[in-house]
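Residues per chain are reported as follows:
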Amino acid sequence: MASLYWPLALVVVFLLTRRLFVVPASLRHLPRVPIFPLLKSYLSMEPEDARIRKLILPFANERQEGVVLVWVLGRWMVHILDQQIARQLCDDLALYPKEKPPNDSLLWHLIGNSNILVSNATQWKKQSRLINDAINLQMPVEQFVALTNNVKALLGQGTITVRWEEFAQRFAVDALGSTVFGHDFEALKQQSMFVREYNGVMSGIANPVYLIAPVLERLVPRTTLLNRIDTLIEQFVALLKAKQNSPGDDMMSYMLRDPDMSQKELRDNMILLFISGHDTSAGALSTLFYFLATHPEIQRRAREEIAAVVGKADFTAENLSANSLPFLNACIRESLRINTPISYVVPRMSSADAQLGKYTIPAGTSLTVDIYAIHHTEAVWKDPHVYRPERFDTEGLKNWVPFALGPRQCPARNFAMYEQRTLAAGLLRDYEWELPAGSKHCNSIQNAFSPFALTVPHKLHLTFHKL
Ligand code: HEM
């Protein structure tokens, strides 16, 4: 009997390897990015932007392809690098619904599968209507201003060097807490246990070996991590119950009043809003402050705009609008373009054989919009790796898609732009900032590894001087 073990084990390994690496026959006609550099890049935990810049973009550009096949953590996925093809995909919700999240993945164990991000058809329509209404109830500029004052209190009156991406995360968590959840996470006041636990759980989930073969979660379960995730979920459920008992004028309370939302949908959307609402903004704010630090002339011009438009007056929704501060708004647009907070969108799955541009796509194919690649295509953007806010005076916004495209684009884009303008304007008025000597970001921005296509600079120290 024992003599059968080895041949059986070999067959299992062979089948697993085949499943992980071999391209399905139906996709072999598509231009395919070489797999071994991709595998090496994942195993060395290279950030997504570097992988796209080094491996995907050059491959597509050399061949002038708008669509390429990419090996992504154990499976083959079509990456779309052309804005027009991306729009075709995003506009047709019936032909390209969101793909069902993988069963074993711990990320989806945390987020759940009944939320707006992954639901389809009538369930998505219902949730989308409700969440759009909730987000558009009012623009919470007063809360953003109050939190900006908390950041200023931490920066103090002299010169201070801080881990800026951590500050940005704490600001974004509190912004979400006060506006969406009506709950004070106290992330800016203290080292929030909640934020620390969330970061610990996310970095555990990001183990690349488990990401490449999620089936290992069943074969070699990570019980401690699973328990930590369940505890975090319980904390969200407790928050939800507290809100149900004592509603406020926040977005969650608004959503709780909808009789068509089940407890599971409310819970999953609460966790989804927490993740999608703060990691993205934290990445965007870190990047914006980095580019203003490394471009003192642009920082000075943005400060002058605020002095001219707002002076010493209180900040309001009106004087912080995109029309009032066009240069600062262009700086934010440019940082969202150059270091895109979400590199590519949650995959869609073709529900029937389809034609995307000149490419034939068989039913059951995973497809994603590669936002980072669209933002760096040389045929579209002049010097795409150069930070130049003025480019938006002449280069069209058609190819600027940090919030995705079509009916499922980000419902909170206006919220996110206001959030960034408020913190930037508030700090520009009172501080100057720069990269400290010897920063690892001196030559270019260095992002952390994220298996969830999120872009957040890694260990970004900035030195602030009170004006
Ligand atoms: C700079 C900040 C942000 C960026 C760059 C961003 C980007 C995006 C992108 C690219 C998508 C499409 C995802 C996909 O289809 O896979 C998306 C969807 C979404 N975002 Fe944002 N987002 C930001 C901030 C926020 C905030 C602050 C919130 C909540 C308050 C939020 C809530 C959502 C939700 C609920 C969806 C799902 C929409 C749907 O599927 O219908 N986002 N976001």
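Conventions used here
- Residues numbered from 1 in each chain as written.
- Predicted model: local features only at pLDDT ≥ 70, side-chain atom pairs only at ≥ 80, totals over all residues.
- Heavy atoms only, no water.
- Pairing = 2+ DSSP bridges.
- Helix = DSSP H or I, 4+ residues; strand = E, 2+ residues; numbered from the N terminus.
- Contact = heavy atoms within 4.5 Å.
- Axes fitted to C-alpha atoms, helices over the stretch in contact; angles between N-to-C directions.
- Buried < 20%, exposed > 50% of the residue type's maximum accessible area, 1.4 Å probe, protein only.
- UniProt positions renumbered as here; feature names shortened; annotations may be inferred.
- Near = heavy atom within 4 Å.
- Polar contact = N/O pair within 3.5 Å; in protein donor to acceptor, adjacent residues only side chain to side chain.
- Phe/Tyr/Trp six-rings, centres within 6.5 Å; stacked < 30°, edge-to-face > 60°.
- Expected span 1.5 Å × (residues − 1).
- Arc of directions from axis to C-beta.
- Salt bridge = Lys/Arg side-chain N within 4 Å of Asp/Glu carboxyl O.

## Some points on the sheet that holds strand 7 (residues 366-369)
Pairing in this open sheet of 4 strands is mixed, and the strands run 1-2-7-4 from one edge to the other. Every other strand in the sheet has two partners, leaving strand 1 (67-72) and strand 4 (348-349) as the edge strands with one partner each. Helix 4 (residues 83-91) contacts strand 1, strand 2 (75-80), strand 4 and strand 7 of the sheet and is inclined by roughly 120° relative to strand 7.

## Some thoughts on the pairing of strand 1
Burial analysis of strand 1 places 6 of its 6 residues in the buried class, which makes it a mostly covered element. In strand 1, alternate side chains face the same way, and those of Val67, Leu69 and Trp71 on one face and Val68, Val70 and Val72 on the other are all buried. Examined bridge by bridge, strand 1 and strand 2 share 6 bridges and lie antiparallel to one another. Across the sheet, residue Val67 finds its bridge partner in strand 2, namely Ile80. Where strand 1 folds back on strand 2, the antiparallel hairpin that results is connected by 2 residues, among which Leu73 adopts a positive phi of roughly 45°.

## What about the sheet that holds strand 8 (residues 431-434)?
Taken in spatial order, the 3 strands line up as 3-9-8 in an open sheet, and their pairing is antiparallel. With one partner strand each, in any of the chains shown, strand 3 (159-163) and strand 8 form the two edges of the open sheet. On average, each strand axis in the sheet is tilted by 30° relative to the strand beside it, whichever way the strands run. In terms of strand pairing, strand 8 meets strand 9 (residues 461-466) through 4 bridges, oriented antiparallel. Bridging from a neighbouring strand, Tyr431 pairs with Lys466 of strand 9. Running over the sheet, helix 8 (residues 164-181) touches strand 3 and strand 9 and is turned about 75° from strand 3. The sheet strands contacting helix 14 (residues 263-294) are strand 8 and strand 9, and the helix crosses strand 8 at an angle near 85°.

## Structural notes on the UniProt feature "binding site: heme" (unreviewed entry) in the chain
In the numbering adopted here, UniProt assigns the feature "binding site: heme" (unreviewed entry) to Cys410. Within the secondary structure layout, Cys410 lies in the loop between helix 18 (391-394) and helix 19 (413-430). You can call Cys410 partly exposed: its relative accessible area is 25%.

## Focus on the site of the ligand
In the vicinity of the ligand, 28 residues are found, and the nearest of them are Lys98, Trp124, Val346, Arg348 and Cys410. Within the side chain of Lys98, a nitrogen or oxygen atom sits 3.1 Å from an oxygen atom of the ligand. Trp124 places a side-chain nitrogen or oxygen 2.8 Å from an oxygen atom of the ligand. Where the shell around the ligand is concerned, the elements lending two or more residues are helix 14 and helix 19. For the shell around the ligand, the element with the most residues is helix 14, which contributes 7 residues.

## A look at the packing of aromatic side chains
Evaluation of the coordinates by the stated rule reveals 22 aromatic pairs. With a centroid separation of 4.4 Å and 5° between ring planes, the pair formed by Phe291 and Tyr387 is classed as stacked. On the criterion of sequence distance, the pair formed by Phe291 in helix 14 and Tyr387 in the loop between helix 17 (371-374) and helix 18 is long-range, its members being 96 residues apart. Given a relative accessible area of 8%, Phe291 falls into the buried group. Residue Tyr387 is classed as buried on the basis of its relative accessible area, which comes to 5%. With centroids separated by 5.5 Å and ring planes inclined at 35°, the aromatic side chains of Trp433 and Phe464 adopt a geometry described as tilted.

## Some details on helix 15 (residues 296-309)
The end-to-end C-alpha distance of helix 15 is 20 Å, a good match for the 20 Å that 14 residues give at a rise of 1.5 Å each. Residues Ile298, Gln299, Ala302, Arg303, Glu305 and Ile306 constitute the buried set of helix 15. One side of helix 15 holds all its buried residues, which, seen down the axis, span an arc of 155°. Across from the buried face of helix 15, at angles greater than 90 degrees, the exposed residues are Pro296, Glu297, Ala307 and Ala308. As for helix 15, its buried residues are in contact with helix 14, helix 16 (326-338), helix 19 and strand 8.

## Quick word on the pattern of salt bridges
Going through the model one piece at a time under the given rule, you end up with 23 salt bridges. Where Glu99 meets Arg75, a salt bridge forms, and the shortest distance between an N and an O atom there is 2.8 Å. Taken as a pair, Glu99 in the loop between helix 4 and helix 5 (106-111) and Arg75 in strand 2 lie far apart in primary sequence, 24 residues in all. Lys243 is paired through a salt bridge with Asp250; the nearest N and O atoms lie 2.9 Å apart. Across the pair, exposure class does not vary: Lys243 and Asp250 are buried alike. Shared partners join several salt bridges into a network, and the residues in it are Arg163, Glu165 and Glu166.

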